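The chain contents come next:
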Amino acid sequence: MKRKPVKPALRAAFKAINALHLRSYEVYQPVLRGDQQVAGARESDTRWAAIREVLDATQSRSLVDLGCCEGYYVIQAASHGLPVCLGIDFDQRRIMTCVSQVVLHDLQHAGFLMASVDHDLVRSLPAFDSVVFLSVLHHMMYQHGVDYCRELMKLVAEKTQKVCIFEMGQSDEHQESWAKDMPDMGPDPHKWIADFLADVGFSRVEKIGEASSFLGETQRALFAAYK
């Protein structure tokens, strides 16, 4: 079936609106804008390099990003050749950014869903070869507790066919207001998180990289948790 592109005039109008939209808030991840890329606040390219190696090693063909923000990893995975790439986020601003990139840059195999990441949502998802879950769970942990997060991660493990790429905030990020409400991860937060992932159903957990925390106070660990 022949594809039907957006009319040039509408595309130009959408592009202008999107430029205004991107100036309305601080983007968290890099965003495609014309032939350039708007820089994000995080070291997304460093993380993607490590994630790409894991996707290749596991021969992943499908991916879901829980809390996808501006959709950087979904778009990178689709551009890398994965046939099915889905991003989920509850923030309307960021979903607009995600969809705008797909439309304006004619990106195929990438899609987005606006929804909160919770037990009901994860339980309803199909299984994916790879799950990306970065810098989200600590927000749930200081609001709802460790047990809530443990049950959520058990569901994530059930939906993971090959590997879950995982990162979360740590209790040693003392400049963050939420750090005092986190469980004490002890002198080695990376080990605490690795043990937590092993406890929810992953058979092997490897640290595949490190990147600065949001305020640059410490190094967060990037994990590959395998089924």
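Just so we're clear, the structure is a prediction, and the values are computed from it rather than from any experiment.

Rules behind the numbers
- Residues numbered from 1 in each chain as written.
- Predicted model: local features only at pLDDT ≥ 70, side-chain atom pairs only at ≥ 80, totals over all residues.
- Heavy atoms only, no water.
- Helix = DSSP H or I, 4+ residues; strand = E, 2+ residues; numbered from the N terminus.
- Expected span 1.5 Å × (residues − 1).
- Contact = heavy atoms within 4.5 Å.
- Pairing = 2+ DSSP bridges.
- Right-handed = clockwise from strand over helix to strand, strands pointing away.
- 1 Å grid on protein atoms, 1.4 Å probe; cavity = no way out; pocket = protein on both sides within 12 Å on 5 of 7 lines; lining within 4 Å.
- Points joined across faces, edges and corners; volume = space filled by probe spheres on them.
- Nonpolar A, V, L, I, M, F, W, Y, C, P; charged D, E, K, R; others polar.
- Phe/Tyr/Trp six-rings, centres within 6.5 Å; stacked < 30°, edge-to-face > 60°.
- Buried < 20%, exposed > 50% of the residue type's maximum accessible area, 1.4 Å probe, protein only.
- Lys NZ or Arg CZ within 6 Å of the ring centre and 35° of its normal.
- Axes fitted to C-alpha atoms, helices over the stretch in contact; angles between N-to-C directions.

*Asks:* Looking at this structure, I do not really get helix α7 (residues 146-159). What am I missing?
*Replies:* For α7, spanning 14 residues, the distance from its first C-alpha to its last is 20 Å, which sits close to the expected 20 Å at 1.5 Å a residue. In this structure, the buried side of α7 is in contact with β3 (62-66), α5 (119-124), β6 (128-134), α6 (137-144), β7 (160-167) and α8 (189-199).

*Asks:* Which parts of the structure should I look at to understand the pairing of strand β5 (residues 110-114)?
*Replies:* Side-chain positions along a regular strand alternate between the two faces of the sheet. Two elements, strand β4 (residues 84-89) and β5, share five bridges in a ladder whose sense is parallel. The residue bridging D89 from the neighbouring strand is M114, located in β5. Each parallel crossover has a hand, and the one from β4 via helix α4 (residues 92-104) to β5 is right-handed.

*Asks:* For this particular structure, what's the right way to read the layout of surface pockets?
*Replies:* Any empty space left between atoms is shown by rolling a water-sized probe over those atoms. Considering only enclosed or pocket space, the largest pocket measures out at about 650 Å³ in volume. The wall of the largest pocket is formed by 25 residues, among which C69, F90, S135, V136 and H139 lie closest to the centre. Counting residues per element, the lining of the largest pocket draws most heavily on α6, at four residues. A class-by-class count of the residues in the lining of the largest pocket yields twelve nonpolar, six polar and seven charged. If you add up the space inside the second largest pocket, you get close to 150 Å³. Lining the second largest pocket we find R3, K4, P5, V6, R11, V102, V103 and D106. Looking at the lining of the second largest pocket, its residues break down into four nonpolar, no polar and four charged.

*Asks:* Before we go on, may I ask you to explain the pairing of strand β8 (residues 204-212) in this structure?
*Replies:* Sheet topology note: the β8/strand β9 (residues 219-226) ladder contains eight bridges and is antiparallel. Each residue of the ladder has a partner; that of S212, found in β9, is Q219. Following β8, the chain reverses through six residues before pairing antiparallel with β9; G216 in that reversal takes a positive phi of roughly 75 degrees.

*Asks:* So what exactly am I meant to see when it comes to the packing of aromatic side chains here?
*Replies:* Two aromatic rings, taken as a pair, are described by how far apart their centres are and by the angle between their planes. Overall, the coordinates contain four aromatic pairs when judged by the stated rule. A centroid spacing of 6.0 Å and a plane angle of 70 degrees characterise the contact between F133 and F166, whose relative ring orientation is edge-to-face. Of this pair, F133 sits in strand β6 while F166 sits in strand β7, placing them 33 residues apart in sequence. No difference in accessibility class separates F133 from F166, as the two residues are buried. Judged by centre distance (5.7 Å) and plane angle (5 degrees), the ring pair of W192 and F196 falls under stacked. Within this pair, W192 and its partner F196 are both found in helix α8, separated by four residues, close to a single helical turn. According to the relative accessible area criterion, W192 is partly exposed, its value standing at 22%. For F196, a relative accessible area of 5% puts it in the buried group. Here the basic side chain of R204 rests over the ring of Y226, its NZ or CZ set 4.1 Å away from the ring centre.

*Asks:* Sorry if this is basic, but what is going on with the sheet that holds β5 here?
*Replies:* Two pairing modes exist for strands in a sheet, parallel and antiparallel, and in both the strands are linked by backbone hydrogen bonds. Read across the open sheet, the seven strands follow the order β5-β4-β3-β6-β7-β9-β8; overall the sheet is mixed. Each end of this open sheet is capped by a strand with a single partner; those strands are β5 and β8. Neighbour-to-neighbour, the strand axes of this sheet turn through a mean angle of 15 degrees, independent of strand direction. Relative to β6, β3 is paired through three bridges, and the arrangement is parallel. What sits directly across from V64, in β6, is V131. Contacts between α4 and the sheet are confined to β4 and β5, with β5 contributing the most and set at about 160 degrees to the helix.

All we've got here are geometric facts, nothing functional implied.
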